[in-house]
Each structure stands twice: as C-alpha cells, then as structure tokens.
Amino acid sequence: MPALWSFLDKFESHVCRILLAVFVSLLFVQIVARQLFGFSITWIEELSVILFVWFAYFGASYAARIAAHNRVSFHLNAMSRHKARIIEAAGDLFWIAFNIVFIWHSIEFISRLKPFVKAQTLGWEMRHVYLALPIAFALMTLRILQVNYLKLIRGVDPRDPDRVEVDDMIELAQNEQRAFDREKR
C-alpha cells in the first residue's frame, strides 16, 4: 500500500515525464522526416502541441504539490512562521475558489462543444483534448489542499525545491569555508 500512495503522491510527475518523452520523441521524428526525407508528418505537430498543453497543465498541478508556484513572499518572510502559514492558507483559499470556478466553466465549455468540432489532422473530438482543463485544475485543487494539510495539521513544511537546492549550496559553501579556515590555522 505505501508504494501505491507514493505513486499517487507523484502522479502528475509521472504523467509529465511520459508526456515530455512522447512529444519530444515525436518532434525528433518530425525533424528527421523533414531534414533527411524531405516530407512532413502533419499529425505529429498537432499531437505534439496537444501533449505539450497537457504537460503544462499537469506540470502546474505538480508544482502545486511540491509548493513550487511563484508567490510574492517577502512580506511572509518578515512574519513568524505561524502567521505566514495562516496568510498563505488564506491566499490558497482564493486560489481554490478560482480553480473551482475555472473547473465549472471548463466543464460547461466542454459540454457545449459539438461532436463535429475536431482536431484538424487527428480528427479527435476537441472535447477530449480540452479535458486537460478540468482534470488538471481539479488535481491542482487537491494538491493545494494536501499541501495545506501537511503544513497546518501535520506541521510538515514542503519547501520549494529550488529554494532547497539554493539552501543546500549555501550550506555546502559554508562547510567548505569552515574546513578551509581550520586548515589555515
């Protein structure tokens, strides 16, 4: 069971990896076909664009999971961690409200699409392509709730991975400086 929870916790990451691999491979095939054989495979470009859009939306959901979305945080850094968490949670409530409105309108939009509205070269109904919107925003909402649960209830502070990397580099530099200072004595 822990393996299943671990997989679900990184679901968007797995989806993004697959989408990235597929659309980059397709674009590589398209480049080879154009450069070496002098012809273009028309459906590859359309499918690559669709996969890239899905990749972007699932990537946004994954960024919400790892708390890596951009925020204006200079004012939060001046507060106690407890107060900052409460203000972040209030901001996240607005974000969730936006997501719910967006999910509602995207489902309404998809339901109004006629079956003859299709992708130009693939022939897929666009309602299937646009499903990325409600799915990704619903996942994003779940991830926002998950991160707030971790922060506010469990006391775990998921940090932006870029910030963690910078902090690790600073710590490494400080350790090297201490080692250099010890050798100097």
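Residues numbered from 1 in each chain as written. Predicted model: local features only at pLDDT ≥ 70, side-chain atom pairs only at ≥ 80, totals over all residues. Heavy atoms only, no water.

Per an unreviewed UniProt entry, the protein goes by the name TRAP transporter small permease protein and belongs to Paracoccus alkanivorans. Taken directly from UniProt, the Sequence similarities (unreviewed entry) text for the protein runs: "Belongs to the TRAP transporter small permease family." Within the UniProt record for the protein, the comment given under Subunit (unreviewed entry) is "The complex comprises the extracytoplasmic solute receptor protein and the two transmembrane proteins." (UniProt positions renumbered as here; feature names shortened; annotations may be inferred.)

Participant: Could you give an account of the packing of aromatic side chains, with specific residues and numbers?
Facilitator: With the rule as written, the count across this model stands at ten aromatic pairs. Their ring planes at 15° and their centres at 5.8 Å tell us that Trp54 and Phe58 sit as a pair that is stacked. With Trp54 and Phe58 both in helix 3 (residues 42-65) and four residues apart, this pair spans about one turn of that helix. By the burial criterion, Trp54 is buried, and Phe58 matches it. (Phe/Tyr/Trp six-rings, centres within 6.5 Å; stacked < 30°, edge-to-face > 60°. Helix = DSSP H or I, 4+ residues; strand = E, 2+ residues; numbered from the N terminus. Buried < 20%, exposed > 50% of the residue type's maximum accessible area, 1.4 Å probe, protein only.)

Participant: Lay out the UniProt feature "transmembrane region" (unreviewed entry) in the protein in plain terms, naming residues and giving numbers.
Facilitator: In this structure's numbering, the residues bearing the UniProt feature "transmembrane region" (unreviewed entry) are residues 18-37, 49-68, 89-107 and 127-145. Here residues 18-37 runs as 100% helix and 0% strand, with 27 Å between its end C-alpha atoms.

Participant: Explain the pattern of salt bridges residue by residue, including any values.
Facilitator: Scanning the entire structure with this criterion turns up five salt bridges. Note that Arg143 and Glu12 form a salt bridge whose closest N and O atoms lie 2.8 Å from each other. Residue Arg143 is located in helix 7 (residues 132-153), and its partner Glu12 is located in helix 2 (residues 11-37); the two are separated by 131 residues in the primary sequence. Residue classification places Glu12 among the buried positions, given a relative accessible area of 0%. (Salt bridge = Lys/Arg side-chain N within 4 Å of Asp/Glu carboxyl O.)

Participant: So, helix 7: which residues are in play, and what are the values?
Facilitator: For helix 7, spanning 22 residues, the distance from its first C-alpha to its last is 30 Å, which sits close to the expected 32 Å at 1.5 Å a residue. Downstream of helix 7 by a residue or two, Gly155 has a phi angle that is positive, lying close to 80°. (Expected span 1.5 Å × (residues − 1).)

Participant: Pulling in residues and values, what's your account of the environment of Arg34?
Facilitator: Position of Arg34 relative to the elements: it lies in helix 2. According to the relative accessible area criterion, Arg34 is partly exposed, its value standing at 43%. In the structure, Arg34 is positioned 67 residues away from Val101 in sequence and 43 Å away in space, judged by C-alpha atoms. When near neighbours in sequence (up to four residues on either side) are disregarded, Arg34 contacts Phe39, Ser40 and Glu45. (Contact = heavy atoms within 4.5 Å.)

Participant: Account for the environment of His69, with residues named and values stated.
Facilitator: By the element assignment, His69 lies in the loop between helix 3 and helix 4 (74-77). The exposure class assigned to His69 is partly exposed, which follows from its relative accessible area of 27%. Ignoring any residue separated from it by four or fewer positions in sequence, one finds His69 in contact with Ala60, Ala63, Ala64 and Trp95.

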